[in-house]
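Residue strings, one per chain:
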Amino acid sequence: GLQLTSTMPCRYLFDEPLAIAVQGLGPRQQVTLRTSLRDEAGELFEAHGRYQAADDGELDLARCPALPGGSFSGLEPMGLLWALQPRKPFWRLVKKDVQTPFRLQLEVFEGHGDTPGQLLAQAEHERVFLRDGVRRVPVREGRIRATLFLPPGEDLFPGIIDIDGLGGGLREYRASLLANHGFATLALAYYQYEDLRQDVTKLHLEYFEEAVNYMLQHPQVKGPGIGLLGFSKGGDLSLSMASFLKNITAVATINGPVANTAIPLSYKDKIIPPLPTDQQRNKVYDDNILDFSDAPSDPFQAPGNQSLIPLEKAEAHLLFIAGQDDHIINSEYFATEACKHLQAQGKENFQMLIYPGVGHCLDPPFFPLYRIGNHPLFQKRAVLGGEFMANSKAQVHAWPQIQAFFHKYLNDK
């Protein structure tokens, strides 16, 4: 009989690849494979690929290219995952509750028609965010509002604080996936969450210092220093922490600025103002979609710019990850200039990963590309950037690089 296999078991970590094969088709039979999942808001994401079975009636996505006319084409064994797109335009796939999986439906239909032919086979597959044994611990210590993810076992683990971009709340998906790979990871909220401030006129570095101290005193966090992973605004916060606070050993930023952005940052008696932006420089596309890439001013061109973070003070190893098609922050320029600046100061504690065709949102592997969405600061619909295939390749490349970077600098002491 006809069998659709997605290598057993039926549960996989969200960031793990999936091997899909169909056995028992006719020789060179034409079929359409479709994947779909519903997010926690009930919105539907779908992708489909057009395929032709081999002479023996087997269709293995690792060996058979997708034919033109589907969501993707070519030899793309994971295309049915990375090409998922929402029916509702401009909708982002978000995981709020990492304790439940996403359920992925796989279906095989007869033929290549625009409307699906007969359903030949189907399977369901769970994509989980927590490996068995990973512990999720809500943290309400002092002022800190966060969630700690601890890998299984009683060992000491390298510690990382995950700091997300603007938008408030607490996002746990990146931290939970990192914990599956052996890191004690703290997902840290900093506004618009529980009793934290709703509107922020100023951020205090002391709050983030408290989080660093919490991690350092945790009995399962390996010292003497911790790592920071910052996305977008979380990137400049991480770099500020590394420049002003002690015991930070490794910092990776994903499409983050190297100047303070959006909100003034204070530490003790010092205030770092945010980088000025000029919305007059926006471009406007159809459907009133804005492109903000030219809005932020250039901190490297303004002598004595107060927003620029004094990176040369950081003792941590720095990894700058930037997409060349980021339309929110000129990440590639920021990363390149920061490294030039550090080099000029005689520093060697930095490295860069620059990805062509990658927009602002570079998530862990197999999250769908989020190309147009809400601008985190101006709350208007904005181009975030990115191309489907380039984005998927960069996700798969960057994720193990981030882990290797933290393993190297948090374990080798």
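Preceding this paragraph is the structure being described.
Residues numbered from 1 in each chain as written. Predicted model: local features only at pLDDT ≥ 70, side-chain atom pairs only at ≥ 80, totals over all residues. Heavy atoms only, no water.

(A) Spotlight on the overall build of the protein chain. The secondary structure content of the protein chain amounts to 6 helices and 24 strands. Its C-alpha atoms give the protein chain a radius of gyration of 22 Å, near enough to 22 Å, the size a compact globule of 413 residues would have. Buried residues in the protein chain amount to 54% of all 413 residues. Summing over all exposed atoms, the protein chain offers an accessible surface of approximately 17600 Å²; the carbon and sulfur share of this is 50%. Each charge sign in the protein chain was given a centre, from 39 positive and 48 negative side chains, and these centres are 4 Å apart. (Helix = DSSP H or I, 4+ residues; strand = E, 2+ residues; numbered from the N terminus. Rg over C-alpha atoms; globule rule 2.2 N^0.38 Å. Buried < 20%, exposed > 50% of the residue type's maximum accessible area, 1.4 Å probe, protein only. Areas by Shrake-Rupley, 256 points an atom, 1.4 Å probe, with all protein chains shown as cover. Lys, Arg positive; Asp, Glu negative; His and termini not counted. Charge placed at Lys NZ, Arg CZ, Asp CG, Glu CD.)

(B) Spotlight on helix 6 (residues 388–411). For helix 6, built from 24 residues, the straight-helix expectation of 34 Å at 1.5 Å per residue is met to within 8% by its first-to-last C-alpha distance of 35 Å. For helix 6, the set of buried residues is Asn391, Ser392, Ala394, Gln395, Ala398, Trp399, Ile402, Gln403, Phe405, Phe406, Tyr409 and Leu410. (Expected span 1.5 Å × (residues − 1).)

(C) View of helix 3 (residues 205–217). With 13 residues, helix 3 should reach 18 Å at 1.5 Å per residue; the first-to-last C-alpha distance of 19 Å fits that figure. Among the residues of helix 3, Leu205, Tyr207, Phe208, Ala211, Val212, Tyr214 and Met215 are the ones counted as buried.

(D) Structural context of the packing of aromatic side chains. Within the structure shown, the criterion is met by 17 aromatic pairs. Where Phe102 meets Phe129, the ring centres are 5.9 Å apart and the plane angle is 70 degrees; that geometry is what we call edge-to-face. Here the residue Phe102 occupies a position in strand 8 (residues 102–110), and Phe129 occupies one in the loop between strand 9 (119–128) and strand 10 (135–139), the gap between them amounting to 27 residues. Owing to a relative accessible area of 3%, Phe102 belongs among the buried residues under this scheme. In this structure, Lys95 is placed above the aromatic ring of Phe102, and the distance from its NZ or CZ to the ring centre is 4.9 Å. The ring centre of Phe14 lies 5.6 Å from the NZ or CZ of Arg127, which sits over that ring. (Phe/Tyr/Trp six-rings, centres within 6.5 Å; stacked < 30°, edge-to-face > 60°. Lys NZ or Arg CZ within 6 Å of the ring centre and 35° of its normal.)

(E) Inspection of the side chain of Ser238 at higher detail. Along the polypeptide, Ser238 turns up in helix 4 (residues 233–244). Accessibility expressed as a relative area gives 0% for Ser238, which makes it buried. For Ser238, the side chain forms a polar contact with the main-chain oxygen of Gly234, separated by 2.7 Å. Setting aside residues up to four positions removed in sequence, Ser238 forms contacts with Ile163, Leu228, Leu229, Gly230 and Val251. (Polar contact = N/O pair within 3.5 Å; in protein donor to acceptor, adjacent residues only side chain to side chain. Contact = heavy atoms within 4.5 Å.)

(F) Local environment of the nonpolar core. Counting residues in each nonpolar core, the largest one holds 132 residues, and the members touching the most others are Leu33, Ile161, Leu186, Phe320 and Phe406. The greatest single-element share of this core, amounting to 8 residues, is contributed by helix 6. Among residues more than four places away in sequence, those in contact with Leu186 are Val139, Ala146, Thr147, Leu148, Ile160, Ile161, Asp162, Ala211, Tyr214 and Met215. (Core = buried A, V, L, I, M, F, W, Y, C linked by side-chain atoms within 4.5 Å.)

(G) Just the pairing of strand 8, in detail. For strand 4 (residues 30–38) and strand 8, the ladder comprises 6 bridges, and the chain directions are antiparallel. Considered in strand 8, the bridge of Thr35 is made with Leu106. One ladder, built from 8 bridges, connects strand 8 with strand 9; its direction is antiparallel. Pairing of Leu106 across the sheet is with Ala123, part of strand 9. (Pairing = 2+ DSSP bridges.)

(H) Summary view of unusual backbone geometry. Cis rather than trans, the peptide bond between Gly223 and Pro224 has omega equal to 0 degrees. Tracing the backbone shows Pro224 in strand 15 (residues 221–231). The phi dihedral of Asn288 falls on the positive side, at around 60 degrees, and the residue is not glycine. The topology assignment puts Asn288 in the loop between strand 19 (283–285) and strand 20 (289–291). A residue is classified by how much of its surface remains accessible, and Asn288, at 56% relative accessible area, is exposed.

(I) Up close: the pairing of strand 13 (residues 184–188). Burial within strand 13 is extensive, with 5 of its 5 residues counted as buried. On strand 13, burial covers both faces: Ala184, Leu186 and Leu188 on one face and Thr185 and Ala187 on the other are all buried. In this structure, strand 11 (residues 146–150) lies alongside strand 13, joined through 4 bridges in antiparallel fashion. For Thr147, the partnering residue across the bridge sits in strand 13 and is Ala187. Relative to strand 13, strand 12 (residues 157–163) runs parallel, the two being bridged by 5 bridges. Among the inter-strand pairings, Ile161 is bridged to a residue of strand 13, identified as Leu186. One crossover worth recording links strand 12 to the parallel strand 13 by way of helix 2 (residues 173–180), and it is right-handed. (Right-handed = clockwise from strand over helix to strand, strands pointing away.)

That's the geometry; what it means functionally is another story.
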